[in-house]
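Coordinate analysis (summary)
Below, each chain spelled out in residue letters.
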Amino acid sequence: MINPHYHVILNAKSGTAHALGITATELEGLFVANGLSAVVDDDCERDLGERIAKAISSPASTIVAAGGDGTITALAGALVDTDKSLAILPLGTFNAVAKDLHLPLDLPNAVAALAHAHPQRIDVAEVNGRIFLQKVVIGLLPGLAAGREHLRGRADAGAKIAMLRYFFRRLARNRRMAVAIEPSAGERKVERVQALAVACNAYDEGLGKFFSRASLDRGTLTLYLLRRFSAGDFFRLLTGMILGHWKRDKALSMESVRSLRIETHRRLVKVMFDGEVETFQSPLIFSVRPGALSVIVPDEADTPAEAA
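As a starting point, this report considers the structure included with it. None of the values given here were measured: they were computed from a predicted structure.

Definitions and cut-offs
- Residues numbered from 1 in each chain as written.
- Predicted model: local features only at pLDDT ≥ 70, side-chain atom pairs only at ≥ 80, totals over all residues.
- Heavy atoms only, no water.
- Pairing = 2+ DSSP bridges.
- Helix = DSSP H or I, 4+ residues; strand = E, 2+ residues; numbered from the N terminus.
- Axes fitted to C-alpha atoms, helices over the stretch in contact; angles between N-to-C directions.
- Parallel < 35°, antiparallel > 145°, perpendicular 65-115°, else oblique.
- Left-handed = near helix turned anticlockwise from the far one by under 90°.
- Contact = heavy atoms within 4.5 Å.
- Nonpolar A, V, L, I, M, F, W, Y, C, P; charged D, E, K, R; others polar.
- Buried < 20%, exposed > 50% of the residue type's maximum accessible area, 1.4 Å probe, protein only.
- Phe/Tyr/Trp six-rings, centres within 6.5 Å; stacked < 30°, edge-to-face > 60°.
- Lys NZ or Arg CZ within 6 Å of the ring centre and 35° of its normal.

**What about the pairing of strand β5 (residues 117-127)?**
Every regular strand shows the same layout, with side chains that alternate between the two sheet faces. Strand direction decides the pairing type here: β5 and strand β16 (residues 284-298), joined by 10 bridges, are antiparallel. Within the sheet, the bridge partner assigned to glutamine 120 lies in β16 and is valine 295. From the end of β5 to the start of strand β6 (residues 130-132), which pair antiparallel, there are 2 residues, and asparagine 128 there has a positive phi angle of about 50°.

**Brief notes about the packing of helix α3 (residues 48-57) against helix α4 (residues 69-79)**
Contact geometry for α3 and α4: axes closest at 10 Å, N-to-C directions at 45°. Viewed along their axes, α3 and α4 adopt a mutual orientation that is oblique. The way α3 lies across α4 gives a crossing that is right-handed. In this structure, α3 contributes Leu48, Ile52 and Ile56 to the contact, and α4 contributes Ala74, Leu75, Ala78 and Leu79. Residues belonging to the contact of α3 with α4 are distributed by class as follows: 7 nonpolar, no polar and no charged.

**Examining unusual backbone geometry**
The omega torsion of the bond from serine 282 to proline 283 falls at 5°, within 30 degrees of zero and hence cis. Relative to the assigned elements, proline 283 resides in the loop between β15 (276-281) and β16. Its identity is not glycine, yet aspartate 81 carries a phi of approximately 60°, on the positive side. Tracing the backbone shows aspartate 81 in the loop between α4 and β4 (85-90). A relative accessible area of 52% means that aspartate 81 is categorised as exposed.

**Side note on the packing of aromatic side chains**
Using the criterion set out here, one finds 5 aromatic pairs in the structure. Taking the centre distance of 6.2 Å and the plane angle of 90° together, the rings of phenylalanine 132 and phenylalanine 286 count as edge-to-face. Placement of phenylalanine 132 in strand β6 and of phenylalanine 286 in strand β16 is noted, with a sequence separation of 154 residues between them. Among the residues examined, phenylalanine 132 registers a relative accessible area of 0% and is labelled buried. Ring-pair connections join several aromatic residues into one group, and the members of that group are Phe132, Phe273, Phe280 and Phe286. Arginine 130 extends its terminal NZ or CZ atom over the ring of phenylalanine 273, reaching a point 4.5 Å from the ring centre.

**Points about the packing of helix α2 (residues 24-33) against helix α6 (residues 107-114)**
Remark: α2 packs on α6, axes separated minimally by 9 Å, with the N-to-C direction vectors making an angle of 45°. Looking at the two axes, α2 sits oblique to α6. Relative to α6, α2 is oriented so that their crossing is right-handed. Along its contact with α2, which presents Leu27, Leu30 and Phe31, the element α6 presents Leu107, Pro108, Val111 and Leu114. Class assignment of the residues belonging to the contact of α2 with α6 gives a composition of 7 nonpolar, no polar and no charged.

Here it is as structure tokens:
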């Protein structure tokens, strides 16, 4: 039986939370309405690391990330190999981890699901000592994400057109980069790529599936190499994703590994780290930690159909 006492870290600045104006009082009310008790920390002016440390030192057995994927990843990194579990209230823009875990995506149902839930152990991945849950991307995408930040908060047609223009300009100017790749069980090789990604486990194919993972406990990393990426490649890959056969695309290759070393010619490299653009030092050393994180997932019978 899960301890009904929760410590919630609310990121009121995350996508959905900001748009809906979610407050600590409202969140506490949802917990009470479902017979649950919770302490809600909504102090976004305080350092996130300090807030996480306070949560871990609290008596709560379940720490709740009420925010987007960045908040979830930061909290997961602190909870790895502890006796506490991570619960997720998806309040971000993309909510990729919540979708992979088949969690309800609206706040009232997500809180209600905690009343009938159980812990499940999943894998985490690590790069240069940092824990991540989804993927690390090098190359084209971090630059595109930087452009997205300039338009954050705008949902009008003009912003969408501006983002498309920015995307295709970057695509036209992007050049392939040389990377040295050394898997744990294999020879070192040098590849010229437009982008590469290292994912915790593997993304699945299927009609209409976009970057979704059916299994988070395979105990592997998956390396994706995109050797070229023109406008034609983009539309072909997009069509393949919609139709569910993108893994066979001629511009893409993939392999499963347990650990990996990637070196670039630049000492500092920008990466997309679970959706956030960060700077890492080369080489990048990747590994997987099977079953290192306990997450709270709803009982199957109680999961709303729209969460799948």
